[in-house]
Amino acid sequence: MIDYYSILWDMFFAALTGFGFAYVCNPPFKTLILSAILAAIAHSLRFTLMAYFGFQTLAIATFIASFSIGCLGLFLAKIFKTPAEIIAFPALIPMIPGIYAYKSILYLISFIRSENISEKTNFLILFFDHFFTTLSVTLALAVGVSVTLLLFFEQSFMMTRSIKKNKNHD
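How each quantity is defined
Residues numbered from 1 in each chain as written. Predicted model: local features only at pLDDT ≥ 70, side-chain atom pairs only at ≥ 80, totals over all residues. Heavy atoms only, no water. UniProt positions renumbered as here; feature names shortened; annotations may be inferred. Phe/Tyr/Trp six-rings, centres within 6.5 Å; stacked < 30°, edge-to-face > 60°. Helix = DSSP H or I, 4+ residues; strand = E, 2+ residues; numbered from the N terminus. Buried < 20%, exposed > 50% of the residue type's maximum accessible area, 1.4 Å probe, protein only. Lys NZ or Arg CZ within 6 Å of the ring centre and 35° of its normal. Expected span 1.5 Å × (residues − 1). Patch = residues over 30% accessible without salt bridge, like charges linked within 9 Å, V, L, I, M, F, W, Y side chains within 5 Å. Areas by Shrake-Rupley, 256 points an atom, 1.4 Å probe, with all protein chains shown as cover. Salt bridge = Lys/Arg side-chain N within 4 Å of Asp/Glu carboxyl O. Polar contact = N/O pair within 3.5 Å; in protein donor to acceptor, adjacent residues only side chain to side chain. Contact = heavy atoms within 4.5 Å. Axes fitted to C-alpha atoms, helices over the stretch in contact; angles between N-to-C directions. Parallel < 35°, antiparallel > 145°, perpendicular 65-115°, else oblique. Left-handed = near helix turned anticlockwise from the far one by under 90°. Nonpolar A, V, L, I, M, F, W, Y, C, P; charged D, E, K, R; others polar. pLDDT = per-residue confidence, 0-100.

- Checking UniProt for the protein chain, the heading Subcellular location (unreviewed entry) contains the comment "Cell membrane".

1. Quick notes on the packing of aromatic side chains
1) Next: Summed over the entire model, instances satisfying the criterion amount to 12 aromatic pairs.
2) Next: Taking the centre distance of 6.4 Å and the plane angle of 25° together, the rings of tyrosine 107 and phenylalanine 123 count as stacked. Placement of the pair is tyrosine 107 in helix 5 (residues 98–113) and phenylalanine 123 in helix 6 (residues 117–151), with a sequence separation of 16 residues.
3) Next: In this structure tyrosine 107 comes out as partly exposed when scored by relative accessible area, which is 21%.
4) Next: Between phenylalanine 128 and phenylalanine 132, the aromatic rings sit 5.9 Å apart at their centres with planes inclined by 20°, giving stacked as the arrangement. Here phenylalanine 128 and its partner phenylalanine 132 are both found in helix 6, four residues apart, which amounts to about one turn of the helix.
5) Next: An aromatic cluster of three or more residues is present, and its members are Tyr5, Trp9, Phe12 and Phe13.
6) Next: Stacked on the ring of phenylalanine 111, the Lys or Arg lysine 120 has its end atom at 4.4 Å from the ring centre.

2. Section: unusual backbone geometry
Most peptide bonds take the trans form, and the phi angle of most residues other than glycine is negative.
1) Next: Unusually for a residue other than glycine, asparagine 26 sits at a positive phi of about 55°.
2) Next: On the basis of relative accessible area, asparagine 26 is assigned to the exposed category, the value being 66%.

3. Notes on helix 3 (residues 58–80)
1) Next: With 23 residues, helix 3 extends 32 Å from end C-alpha to end C-alpha; this agrees with the ideal 33 Å at 1.5 Å per step.
2) Next: Those residues of helix 3 not exposed but buried are Leu58, Ala59, Ala61, Thr62, Ala65, Ser66, Ile69, Gly70, Gly73, Leu74, Leu76 and Ala77.
3) Next: Backbone geometry just downstream of helix 3 places lysine 81 in the positive-phi region, at approximately 55°.

4. Overview of a nonpolar patch on the surface
1) Next: On the surface, Tyr5, Trp9, Phe12, Phe13 and Leu16 cluster together into a nonpolar patch covering about 580 Å² of accessible area.
2) Next: Mapped onto the elements of the fold, phenylalanine 12 is located in helix 1 (residues 4–24).
3) Next: By relative accessible area, phenylalanine 12 is classed as partly exposed at 44%.

5. Regarding the side chain of threonine 31
1) Next: Inspection of the secondary structure puts threonine 31 in helix 2 (residues 29–52).
2) Next: A polar contact is formed between the side chain of threonine 31 and the backbone oxygen of proline 28, at a distance of 2.6 Å.
3) Next: Contact partners of threonine 31, with chain neighbours within four places excluded, come to Thr82, Ile86 and Ile87.

6. Comments concerning the packing of helix 3 against helix 4 (residues 84–92)
1) Next: One way to put it is that helix 3 packs onto helix 4 with a least axis distance of 8 Å and a crossing angle of 150°. Of the possible angle classes, the one that applies to helix 3 and helix 4 is roughly antiparallel. The handedness of the crossing between helix 3 and helix 4 is right-handed. Residues Ser66, Ile69, Gly73, Leu74, Leu76 and Ala77 of helix 3 form the contact with helix 4, whose participating residues are Ala84, Ile87, Ala88, Ala91 and Leu92.
2) Next: Its residues placed into classes, the contact of helix 3 with helix 4 shows nine nonpolar, two polar and no charged.

7. Brief notes about helix 4
1) Next: Where helix 4 is concerned, the buried positions are Ala84, Ile87, Ala88, Pro90, Ala91 and Leu92.
2) Next: Of the surrounding secondary structure, the elements contacted by the buried residues of helix 4 are helix 1, helix 2, helix 3 and helix 6.

8. Here we look at the confidence of the model for the protein chain
1) Next: Of all residues in the protein chain, 89% have pLDDT values of 70 or greater, and the mean over the chain is 89.
2) Next: The secondary-structure element of the protein chain with the lowest mean pLDDT is helix 8 (residues 161–169), recorded at 52, while helix 5 shows the highest, at 96.

In structure tokens, the structure reads:
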């Protein structure tokens, strides 16, 4: 059974994080809101795929979510006449696997400091497990959103051209 309360909390915190990361770039307010909405959609989509639809791999669920955000970002960029990258990239940042990266560094340090060979082996296995999860999720984020921007390069490039033409006529 789907727990909508958990999904809504996930959306709320992802939107808050997406808004915060977008705010750092000092964009117009409408793009801040769009980034927050896209972050909520992306993170909740990944959460829902893993929790309720049986996706066992974080990287695959992340790829689907980032690809969806790339498509939605292009669609919204056309409507709001803003570059898709400005609203899509901050929305993906909440899905960066920070805890896996942090734990991989901790396991690497533990591996280096350990004297016991069985502990060293265990720490090394844990390091590679977390490291490759971090690497695969980060690549899934980059490839998922980039595929949409590359597939629809002309549309992405033309999004803001009408703004420039209108400003030149004023």
